[in-house]
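# Topology and contacts: notes
Below, each chain spelled out in residue letters.
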Amino acid sequence: DTAVSQTPKYLVTQMGNDKSIKCEQNLGHDTMYWYKQDSKKFLKIMFSYNNKELIINETVPNRFSPKSPDKAHLNLHINSLELGDSAVYFCASSPGDRVNIQYFGAGTRLSVL
Amino acid sequence: GENVEQHPSTLSVQEGDSAVIKCTYSDSASNYFPWYKQELGKRPQLIIDIRSNVGEKKDQRIAVTLNKTAKHFSLHITETQPEDSAVYFCAASNAPPYNTDKLIFGTGTRLQVFP
């Protein structure tokens, strides 16, 4: 019954590989987000989708490509992984109807070796 | 764009004391200010929020105050307990239209409550 679920929880990979992180929410929310939390705990928004449409795209390398097959899913694909991509990636969702409350997934800890 | 500053970066208090964390924001159009608590290895979770038409909001031991003129908002935790130990994040955003809803987070405050 987890509201926002992400898989995998941990991801260890070599530099140069391509990997994906999946996110699903069962709250019926219209808006979903990806955040990156670095080793200093800074939380920074990367992307936001509303009803499958990209609405926020921060200054993120184009090696990162979000995909939203439907409004309940927002996946993150990362090409050519670099050491600096190591972080915890959080997915979040919000109702999107003037209610800004965001519900976060448990996070995916990505380690690039 | 919006910039949110948060102080202090670390805060240690004795159990039972109060803790105050302060944030300032730069965009006068921001009108929604949530606070999130993140325990070690866990997800950020909303603990309280305030909108710009309100100056203060309380929920049991936690309260948030907002000074729109000065662009300051603060989190107050009274009668702190060891389980309050966590990293606390403030954030600011515009509310409607919802499709520009972007939370800008502060840099976090690590609160330690000693028994």
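Residues numbered from 1 in each chain as written. Chains lettered and ligands numbered in written order. Predicted model: local features only at pLDDT ≥ 70, side-chain atom pairs only at ≥ 80, totals over all residues. Heavy atoms only, no water.

### Here we look at the environment of Gly55(B)
All names here are of chain B. What counts here: Secondary structure elements follow DSSP: runs of H or I no shorter than four residues count as helices, runs of E no shorter than two count as strands, and numbering proceeds from the N terminus. Throughout this description, buried means an accessible area under 20% of the type-specific maximum (1.4 Å probe, protein chains only), exposed means over 50%, and partly exposed covers the range between. Residues count as neighbours in contact if any of their non-hydrogen atoms are within 4.5 Å of one another.
Along the chain, Gly55 turns up in the loop between β5 (45-51) and β6 (56-59). For Gly55, a relative accessible area of 42% puts it in the partly exposed group. In this structure the C-alpha to C-alpha distance between Gly55 and Ser26, which are 29 residues apart in sequence, comes to 18 Å. Ignoring any residue separated from it by four or fewer positions in sequence, one finds Gly55 in contact with Ile50, Val64, Thr65 and Leu66.

### Looking at unusual backbone geometry
Excluding glycine, a negative phi dihedral is what most residues carry, and trans is how most peptide bonds are arranged. Look at the link from Thr7(A) to Pro8(A): it is a cis peptide, with omega at -5°. Along the chain, Pro8(A) turns up in the loop between β1 (4-7) and β2 (10-13). Located in the positive-phi region is Asn51(A), a residue other than glycine, with phi close to 50°. Tracing the sequence through the fold places Asn51(A) in the loop between β5 (43-50) and β6 (53-57). Phi is positive for Gln60(B), close to 60°, though the residue is something other than glycine. As for its placement among the helices and strands, Gln60(B) is situated in the loop between β6 and β7 (62-67). Look at Gln60(B) and you get exposed, because its relative accessible area is 75%.

### Looking at the pattern of salt bridges
Residues and elements named next belong to chain B. Rules: Whenever Lys or Arg places a side-chain nitrogen within 4 Å of a carboxyl oxygen from Asp or Glu, that contact is recorded as a salt bridge.
Using the criterion set out here, one finds six salt bridges over all chains in the structure. With a shortest N-O distance of 3.5 Å, Glu39 and Lys37 are connected by a salt bridge. For Lys37, a relative accessible area of 16% gives the class buried.

### A word on the state of the cysteines
Inclusion rule: The criterion for a disulfide is a pair of cysteine sulfur atoms lying within 2.5 Å.
The final tally for this structure, using the stated rule, is two disulfides over all chains. Shown here is the disulfide that connects Cys23(A) with Cys91(A), its sulfur atoms set 1.8 Å apart. Note on the Cys23(A) and Cys91(A) pair: the S-S dihedral is about -75°, so by sign convention the disulfide is left-handed. Placement of the pair is Cys23(A) in strand β3 (residues 19-25) and Cys91(A) in strand β9 (residues 87-94), with a sequence separation of 68 residues. Considered together, Cys23(A) and Cys91(A) belong to a single accessibility category, that of buried residues. In this model, Cys23(B) is linked to Cys90(B) through a disulfide, with the two sulfur atoms separated by 2.0 Å. The sign of the S-S torsion, about -100°, decides the handedness of the disulfide formed by Cys23(B) and Cys90(B): left-handed. Here Cys23(B) is found in strand β3 (residues 19-25), whereas its partner Cys90(B) is found in strand β9 (residues 86-92), with 67 residues between them in sequence. Here Cys23(B) matches Cys90(B) in class, with each residue buried.

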